[in-house]
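# Analysis of the macromolecular model
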Amino acid sequence: MVEKEFGLNDVVQMKKPHPCGENKWKIIRMGMDIRIKCLGCSHSVMLPRREFTKKMKKVLERAETE
């Protein structure tokens, strides 16, 4: 299986949309757990990294690196 690459402040799409109807999430914290924030209703969710990689579909926007 190909390892998915993502980073802090990337906007990702999950396999299932949030109940508010939006399916764009911003990664706001990374570590053993990953916290993502819904861009539709600003609700944040924390998932273990292993579960996040299973549920993530693709990266929509990469964060600008300075």
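Read on for a plain summary of the structure. Small disclaimer: the values here were computed from a predicted structure and weren't measured.

The rules behind the values
- Residues numbered from 1 in each chain as written.
- Predicted model: local features only at pLDDT ≥ 70, side-chain atom pairs only at ≥ 80, totals over all residues.
- Heavy atoms only, no water.
- Helix = DSSP H or I, 4+ residues; strand = E, 2+ residues; numbered from the N terminus.
- Buried < 20%, exposed > 50% of the residue type's maximum accessible area, 1.4 Å probe, protein only.
- Polar contact = N/O pair within 3.5 Å; in protein donor to acceptor, adjacent residues only side chain to side chain.
- Contact = heavy atoms within 4.5 Å.
- Pairing = 2+ DSSP bridges.
- Axes fitted to C-alpha atoms, helices over the stretch in contact; angles between N-to-C directions.
- Phe/Tyr/Trp six-rings, centres within 6.5 Å; stacked < 30°, edge-to-face > 60°.
- Core = buried A, V, L, I, M, F, W, Y, C linked by side-chain atoms within 4.5 Å.
- Salt bridge = Lys/Arg side-chain N within 4 Å of Asp/Glu carboxyl O.

### Re the side chain of D10
For D10, the location among the structural elements is in the segment before β1 (11-14). For D10, a relative accessible area of 3% corresponds to the buried category. Polar contacts involving the side chain of D10 include one to the main-chain amide nitrogen of G7, which spans 2.7 Å. Contacts of D10, omitting those with residues within four sequence positions, involve W25, K26, I27, V59, E61, R62 and A63.

### Quick word on the sheet that holds strand β4 (residues 44-48)
Strands in a sheet are paired, the pairing made by backbone hydrogen bonds, and the direction either parallel or antiparallel. Reading across from one edge, β4-β3-β2-β1-β5 is the order of the five strands in this open sheet, with antiparallel pairing throughout. Each edge of the sheet is formed by a strand with only one pairing partner; in this case those strands are β4 and β5 (56-61). The sheet shows a mean angle of 40 degrees between the axes of neighbouring strands, taken without regard to direction. By the bridge criterion, five bridges tie strand β3 (residues 33-38) to β4 in an arrangement that is antiparallel. Of the residues in β4, the one forming a bridge with R35 is M46.

### Structural notes on the packing of aromatic side chains
Summed over all chains, the structure comprises one aromatic pair. An angle of 75 degrees between the planes, with centres 5.0 Å apart, marks the rings of F6 and F52 as edge-to-face. Placement of F6 in the segment before β1 and of F52 in helix α1 (residues 49-55) is noted, with a sequence separation of 46 residues between them.

### What to know about the nonpolar core
In this structure, F6, V12, M14, W25, I27, I34, I36, C38, L47, F52 and M56 together form the largest nonpolar core, which totals 11 residues. Elements with a minimum of two residues in this core: β1, β2 (25-29) and β3. The dominant element in this core, judged by the number of residues it contributes, is β3, at three residues.

### Concerning the pattern of salt bridges
Considering all chains together, one arrives at two salt bridges under this definition. A salt bridge links D10 to R62, with the nearest nitrogen and oxygen atoms 3.3 Å apart. In this pair, D10 is assigned in the segment before β1 and R62 in the segment after β5, connecting sequence segments 52 residues apart. Here E51 ties to K55 by a salt bridge, and the two come within 2.9 Å at their closest N and O atoms. Of this pair, E51 and K55 both sit in helix α1, four residues apart, which is roughly one turn of the helix. According to the relative accessible area criterion, K55 is partly exposed, its value standing at 39%.

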